[in-house]
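Listed below, chain by chain, are the residues.
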Amino acid sequence: MFASIVTQLFSEKNGTLETISSDIVNKIITDIDIASALQKLERAVAGRKILPYAKNPDMSDLEKEIQQRFSGIKFNRIINHLITARYFGYSCFEIVYNEDFSIDTLIPIPYDYINYDTRTKEWEIKVGSNKTPLTREKFLLCIHKWNPAKVMGTSIFECCQQAFLDKSMFQRQLREIAEKYGDLIVIYPYDVTMEEKEREVLRKSVENIRGASSIGAPVNFDDEFDLKKVIDFIKLSDLDPSIYTELENREKEKLIQNILGSTLTMDNGGGAGSYSLGQVHQDGFEQVVEEICKFVTDSLFQLLEIDSMFFGYNPKDFEFTLEKIFTEEEKIAREKQQEELKTVKLDNLQKLSSTGYKVTTEYISEHL
């Protein structure tokens, strides 16, 4: 009977799946657990050096010219807003030009002002009744995972919004139960064969005991069943809060895994195999960062297209690249790894030579 009551308590306070909206997204990104995970990713991406590079080394002179034109743009600030397309489905900037038609900067436009007109199938800035079309020469529109069925992009939270709603539900669950039932919950059994009207009469008679809401549990009555002896009470303090905390933590885990990677968490495994687990987490984290970097560079390619219109070159010969900035310690560690790898390769070449094989300088050069 008690198991039946617990199940009913949870089910009647359960969250319902809602369509993802800007309001829900705003609630999600301000959640302390989710914000920590998002900021971790944002810092990893925005902390990189971004420049346009030529795909062909022979175009180094033109590469320098293009880099010089883009050198004045504060890309790190821009990236932080561009990444919000992953949350809302899209983000947008106004492109500001210099007198020579080179791009001076990008100004982020708040999400609430960007609108997609389903009738005209066009994007626009909508402020009150004023509408301004989003032209490619004047605006940079970044859409996350666009497809014909999702012209407004895809939010990374679409697959985990129910987990967020459940997490929020467990945070307020005890409070809501207390509001409905008070600090003492009346529990009474009713015969599974009872008609609805009989059950209602029984419920009202039970609630007259103390004027509070009650919970009925279905049981099989028999001739020896005495209703007066089985009415029971549960104190709210008897409902162990750790149950709700544990359920909340499970939903939190789902959310963080969706954001940082399919098997990634924010901890290191509680000390059990923490090194190897931490390395797996770091590898998964880097994969997510690389995915975001690819989205950023793909989105910024439009700037190369615009620049090429005024300065006459093929934009497909160039691409933006987000380069990781290494500290001195990291540089030393990388050089040490490279030297150790080279030592292993030289040892292998020596072993190969000792077996009678002749090793050419071309082969050594290629191997090293």
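Please refer to the structure higher up on the page.
Residues numbered from 1 in each chain as written. Predicted model: local features only at pLDDT ≥ 70, side-chain atom pairs only at ≥ 80, totals over all residues. Heavy atoms only, no water.

Q: What's the story with the sheet that holds strand β4 (residues 114-117) in this structure? I'm lost.
A: Working definition: the strands of a sheet are paired by backbone hydrogen bonds and lie parallel or antiparallel to each other. Taken together, the three strands give an open sheet; going across it, the order is β4-β5-β6, and neighbouring strands pair in antiparallel fashion. Unpaired on one side and paired on the other, β4 and β6 (130-133) mark the two borders of the sheet. Direction aside, the axes of adjacent strands within the sheet are offset by 40° on average. In this sheet, strand β5 (residues 122-127) lies alongside β4 in antiparallel orientation, the contact comprising four bridges. Considered in β5, the bridge of Y116 is made with W123. (Pairing = 2+ DSSP bridges. Helix = DSSP H or I, 4+ residues; strand = E, 2+ residues; numbered from the N terminus. Axes fitted to C-alpha atoms, helices over the stretch in contact; angles between N-to-C directions.)

Q: Can you help me understand helix α8 (residues 196-207) in this one?
A: In an α-helix, one turn spans 3.6 residues, which is why side chains three or four residues apart end up on the same side. Along its twelve residues, α8 runs 16 Å from first to last C-alpha, staying within 8% of the 16 Å computed at 1.5 Å per residue. By the burial criterion, the buried members of α8 are L202, V206 and E207. Here the buried residues of α8 occupy an arc of 125° about the axis, which is enough to place them on one side. Exposed side of α8, more than 90 degrees from the buried face: K197 and V201 are the residues found there. (Expected span 1.5 Å × (residues − 1). Buried < 20%, exposed > 50% of the residue type's maximum accessible area, 1.4 Å probe, protein only. Arc of directions from axis to C-beta.)

Q: I would appreciate a short explanation of the nonpolar core in the present structure.
A: Side chains that are nonpolar tend, in soluble globular proteins, to be buried together. Counting residues in hydrophobic clusters, the biggest one holds 48 residues, and the most contacted among them are V45, F70, F75, F157, V296, L300 and L303. In terms of residues, this core owes the most to one element, helix α11 (residues 274-311), which gives eleven residues. If we skip the residues at most four places from it in the chain, V296 touches V45, I50, I79, L82, I83 and L322. (Core = buried A, V, L, I, M, F, W, Y, C linked by side-chain atoms within 4.5 Å. Contact = heavy atoms within 4.5 Å.)

Q: I tried to follow the pattern of salt bridges on my own but got confused; where do I start?
A: Opposite charge on two side chains lets them pair, provided their charged atoms get close. One pass over the full model with this rule turns up nine salt bridges. The shortest N-O distance in the salt bridge between D307 and R69 comes to 2.9 Å. Taken together, the residues span a long stretch of sequence, with D307 in helix α11 and R69 in helix α4 (residues 60-70) at a distance of 238 residues. Take D307: its relative accessible area is 2%, and that puts it in the buried class. (Salt bridge = Lys/Arg side-chain N within 4 Å of Asp/Glu carboxyl O.)

Q: How should I be thinking about the packing of aromatic side chains in this particular structure?
A: For the coordinates displayed, the defined rule picks out ten aromatic pairs. Between F75 and F320, the aromatic rings sit 5.6 Å apart at their centres with planes inclined by 65°, giving edge-to-face as the arrangement. Of the two residues, F75 is situated in helix α5 (residues 75-82) and F320 in strand β11 (residues 318-323); the sequence distance between them amounts to 245 residues. Take F320: its relative accessible area is 5%, and that puts it in the buried class. Judged by centre distance (4.1 Å) and plane angle (35°), the ring pair of F88 and Y111 falls under tilted. Taken together, the residues F88 in helix α6 (residues 85-88) and Y111 in the loop between β3 (103-109) and β4 connect sequence positions 23 residues apart. Following the ring pairs from residue to residue traces out a cluster consisting of F88, Y90, Y111, Y116 and W123. Lying over the aromatic face of F285, K40 brings its terminal NZ or CZ to 5.0 Å of the ring centre. In this structure, R69 packs its charged tip against the face of F311, placed 3.9 Å from the ring centre. (Phe/Tyr/Trp six-rings, centres within 6.5 Å; stacked < 30°, edge-to-face > 60°. Lys NZ or Arg CZ within 6 Å of the ring centre and 35° of its normal.)

Q: Just to check I follow, could you spell out the packing of helix α3 (residues 32-46) against α5 for this structure?
A: Between two packed helices, both the angle of their axes relative to each other and the distance between the axes serve to describe the pair. Remark: α3 packs on α5, axes separated minimally by 9 Å, with the N-to-C direction vectors making an angle of 145°. Our pair here, α3 against α5, has a crossing hand that is right-handed. Judged by residue contacts, E42, V45 and A46 of α3 engage N76, I79 and N80 from α5. Each residue belonging to the contact of α3 with α5 can be placed in one class, and the counts come to three nonpolar, two polar and one charged. (Left-handed = near helix turned anticlockwise from the far one by under 90°. Nonpolar A, V, L, I, M, F, W, Y, C, P; charged D, E, K, R; others polar.)

Q: Got a minute to help me understand unusual backbone geometry in this structure?
A: Note: most peptide bonds trans; most residues except glycine with negative phi. Unusually for a residue other than glycine, F101 sits at a positive phi of about 75°. Note that F101 resides in the loop between β2 (90-97) and β3. Classification of F101 by relative accessible area gives partly exposed; the value is 47%. One non-glycine residue with positive phi stands out, namely K145, at about 55°.

Q: Please clarify how helix α2 (residues 22-30) should be interpreted in this entry.
A: Those residues of α2 that sit buried are I24, V25 and I28. In an axial view of α2, the angular spread of the buried residues amounts to 100°, which keeps them on one side of the axis. Exposed and oriented more than 90 degrees from the buried face of α2 are D23, K27 and T30.

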